[in-house]
Amino acid sequence: MMKFRFRRQGNDPHREKIKQDLFAFNKTVEHGFPNQPSALAYDPKLQLMAIGTKSGAIKIYGAPGVEMTGLHKDTAAVTQIHFLYGQGRILSLLDDNTIHLWEIVQRENRSHLVEVHSFNLPGRPGIESTSATRVTVMLLKLSCDLLALGTEGGGVHFLELPTLTLLNKSLFQDEIMQSIPEEYKCGKSLGPVESLQQHPQDSDKILIGYSRGLVVLWDLNSRHVDNLFLGKQQLESLVWERSGNSFVSSHSDGGYMVWAVSSSNPCTHDPISSTIPYGPFPCKAVNKILWRTTESGSPLVLFSGGMPRASYGDRHCLTILQDSSHVTLDFTSRVIDFFTIHCTDKDKEFDDPSALVVLLEEELVVIDLQMAGWPTVPAPYLAPLHSSAITCSCHISNVPPKLWERVISAGQQQCPLQNYEVAELKDPTQKLKTSAFSPQVLCCHEDGTVRFWDASGVSLKPLYKLSTANIFQTDGDHNDSLTQAGEEEWPPFRKVGCFDPYSDDPRLAIQKISVCKYSGKLVVAGTAGQVIVLVLSDEKSDHMIDVATVDLLQDREGFTWKGHDRLPPKSGSVVFAPGFQPVVLVQCMPPAAVTAVTLHAEWNLIAFGTSHGFGLFDYHRRSPVLARCTLHPNDSLAMEGPLSRVKSLKKSLRQSFRRIRKSRVSGKKRVVVNSPTSKVQEANAQLAEHDAEVTPVQRRIEPRSADDSLSGVVRCLCFADTFLRDGTHHGPTMWAGTNSGSVYAYALDVPSQEKFSEQSVEALLGKEIQLMHRAPVVSIAVLDGRGNPLPEPYEVSRDLAKAPDMQGSHSVLIVSEEQFKVFMLPKVSAKTKFKLTAHEGCRVRKVALSNFTSVSSEEYSENALVCLTNLGDIHVFSVPALRPQVRYDCIRKEDISGIASCVFTKTGQGFYLISPSEYERFSLSARVITEPLCRVDVERPHDLSAHSSLLRLKKKDKTVVILSGLLDEMRSSLSSPVLDSPNSSADVTLDTTGELTVEDVKDFLMTVDEAENNYRNMTEEDGRPAGILIN
């Protein structure tokens, strides 16, 4: 009893203060592309873009680092959003027919998106049904004082802004019908209001388009019909020409019409021109059309849809037309909405669009409309993480400057369009200064690619893409060549976007990855047992790949592989672009999915494991060192592979029969008093009660059976320089943990650097540990004499980390799904343990050793074990004492994919998937927090002064203020530097902050001395022109 009393006592105030300085849980930012987007809006004055989603979220994006999120109270899809230009206000329409007004407000010196008003349009009693008052379209006047609502019943209602007060001047169809010629009425309703557009030159006039095809120019002041346009085709959308002398309508037959607006002709029967671009065969509707005038003369026409119904009705397309230039952008997901960035100054004669922004269901695409050929602009953020389904992730902290520079260089050669984005940097070294030692996230995908992302700040920016499919022979290569050869020239399709949900071969999927950031070596392992060693190269190469095969079964009899075949490598030399280039391909046999992989570049060794066993390979000599089979005789499922259809059926049937058997047995239990068995049961029950009184916090755990299926799966591997043979001589070792609770430790004889080519590596089994409960081993880590994790390869030799303590006795931390246990080395005697499942009733899913630095002092830090359980909560334990420190609820226990995708960093942060396209970033450290701290100051309700933007970048004690104008030159927004940004900070312990504020003109009136001082404070490292997301 004494030890339990002692455990409950101790809330040491000093220790509690230290814990507060070390640990704090915050969900900081969502990386990636919004899941299920449904609406799009853009504010040209503040240069902000907003995206609404089906889950009721509104996300605002500005320059990289400027992000805000608002969430409606009800989980209803956002169907439309509109900015009140320059006011920092947003109107949203939900599919439950409610209208909401949001404002950007200041709290704690940062901006938040807050809902301030809501409105639900009432019906006309006795006349209109509820569906008739359903809002179909919203028009916000440029003066931002009036909101027009078009409904399914054909009525137009008006709200006063910003109060969302319904005005008593609604317009109904019966008023319009009085002005329509009799021959056009035909006793039919005009249908719902499909489009509302304000006259570009006269703000008191609006264009009303009805579904039937009728278009009305309505005067708001006189409440009079100025013009009627008697269209005969079902209407989809309307757009004004800049001068107001004409407008364009798009229709359900795949065509569009140009109508002239003249005061002398109040009733127009026929348009000036009518075009069906992809006719004469039946076409799908043109959902939206934009008409932009250019100084070169010919207008730019952009529309979505309109494809020939029979041939290309399943394509998601957007067409760009100008003179003889015609491009059909072919996307892989549905077009939600689009807009152009163009001149909005009324004094200008032309629109002169500079960019097209297209929101798709799975990505955001930006097209440069000023460059020849209309190329795609790589976005600095909002790139789709799920361009192919994510299979695993890896985080690299403190990336060395040389590796960072080489990866970025390889990425820029892959995408030459990124070159002009950094062309305006006066000092090219500034890019490297701000990006040095920044962390990276590596996402591995189903199509065999690995994508590198800059995770140093709020925006997750793409850096480089590695593909492994080109070293294998797949069926997709032949099919692609046939498809390209058979494509017709009309329509002029152009594949745009990087989202590709289809994989040529599921065996290409990357399952595990390991990186050495100091040597530039990378190991990726896939579904078909392929393990590829890659080396970073700055030059293009044409070489053959060495192929080796490792038999993990070791000729064991009685096992037959029933799964997929291995991927056949290409014969002959293969051309590789600069970047990571494969040098060795190791093929595991049987070709089961790789479940664990690790790399030690200093020893030139890789270790890999599957459901059959593990192997050790010397990639310098291209020779296998070790192969160990871990199969149990009853591991039948291990021979079927992850792609076997029989596996899931067998497993589900087996589980069902077990449940039935258990339920029948439990239902038939009867207690016989006089039988000796019942007396034993009574004794066991009394003993259990006694145990419960002594250890009330522990749960009874039954040992797992040794013959469970898939017990031989290798869950973790690690290399360590430690004491295994005796307590005086340390050396290289390799550790492997399996699904059945077995741990294998091998002593390695690694030759010196000079003798790598002469001598081979030898492995000798040193220890074999069997955990009592046979719980799967999740992680293995070796601790030095001070209880600190061993440094990574090359860290000590390059003076990047302190040498480990080799004087004191080392220990090994073995983490299973049920408990943590520390064994002393080399005797492997138990030192301490913590039974997580017994205490908390949960199982371990993810673990990592992280370093937490105190907020009070940079010199004080502690290493801790971070653990995520199957219940979605995170536990932090001290190392090596394994004392619980803090516990946080992080992920919903029902979110199985989120728990499985979680990745911890070495600085106390983490990532997990909240949707197929979004990572939630969280921090467990009180010091290391990366979150958007933006500020948008606006003048409300109407700021008559000129609007200017300020971007404030806070870094520690320093505030840099950069003044930028509006979108006068749209090219500057396209050529803004990507890497020299507020969220590419070199110090990962700093808050990544970008503030976007709009001040009054008088705030910028200053003396010459003040102006010179402000200019002197601006540096090349922090300076960045404010702009929208197109960089």
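Residues numbered from 1 in each chain as written. Predicted model: local features only at pLDDT ≥ 70, side-chain atom pairs only at ≥ 80, totals over all residues. Heavy atoms only, no water.

Under an unreviewed UniProt entry, the chain has the name LLGL scribble cell polarity complex component 1 and belongs to Cyprinus carpio. Checking UniProt for the chain, the heading Sequence similarities (unreviewed entry) contains the comment "Belongs to the WD repeat L(2)GL family." (UniProt positions renumbered as here; feature names shortened; annotations may be inferred.)

A. Fine view of the overall build of the chain. Each helix and strand in the chain was counted, giving 14 helices and 64 strands. A burial count over the chain gives 56% of its 1031 residues as buried. Within the chain, contacts between residues separated by at least 24 positions form 60% of all contacts whose residues are at least 6 apart in sequence. Entry remark: accessible area of the chain is about 45600 Å², with carbon and sulfur atoms responsible for 49%. (Helix = DSSP H or I, 4+ residues; strand = E, 2+ residues; numbered from the N terminus. Buried < 20%, exposed > 50% of the residue type's maximum accessible area, 1.4 Å probe, protein only. Contact = heavy atoms within 4.5 Å. Areas by Shrake-Rupley, 256 points an atom, 1.4 Å probe, with all protein chains shown as cover.)

B. Region of the structure containing the pairing of strand β38 (residues 530-537). Summarising burial for β38: 6 of the 8 residues are buried, a large majority. Bridge analysis of strand β37 (residues 521-526) against β38 gives 5 bridges, and the strand direction is antiparallel. Note on β38: the bridge partner recorded for L522 is L534. From the end of β37 to the start of β38, which pair antiparallel, there are 3 residues, and G529 there has a positive phi angle of about 75°. Both β38 and strand β42 (residues 579-589) contribute to a ladder of 8 bridges, which runs antiparallel. Its bridge partner lying in β42, L536 is registered against F580. (Pairing = 2+ DSSP bridges.)

C. Just the sheet that holds strand β26 (residues 325-331), in detail. If you walk across this open sheet you meet the 5 strands as β23-β24-β25-β26-β35, and the pairing is mixed. Looking at which strands have only one partner, the edges of the open sheet turn out to be β23 (286-292) and β35 (493-495). If you compare each strand with its neighbour and ignore which way they point, the axes differ by 20° on average. Strand direction decides the pairing type here: strand β25 (residues 316-322) and β26, joined by 7 bridges, are antiparallel. Directly across from C317, in β26, lies its bridge partner D330. (Axes fitted to C-alpha atoms, helices over the stretch in contact; angles between N-to-C directions.)

D. Spotlight on the pattern of salt bridges. The full count for this structure, using the stated rule, is 30 salt bridges. Residue D330 pairs with K495 through a salt bridge whose shortest N-O separation is 3.4 Å. Pair noted here: D330 is in strand β26 and K495 is in strand β35, with a separation of 165 residues, a long-range link. Note on K495: relative accessible area 63%, which makes it exposed. Where K461 meets D454, a salt bridge forms, and the shortest distance between an N and an O atom there is 3.6 Å. The buried category is assigned to K461, whose relative accessible area is 1%. One salt-bridge network, held together by shared partners, links E30, K59 and E918. (Salt bridge = Lys/Arg side-chain N within 4 Å of Asp/Glu carboxyl O.)

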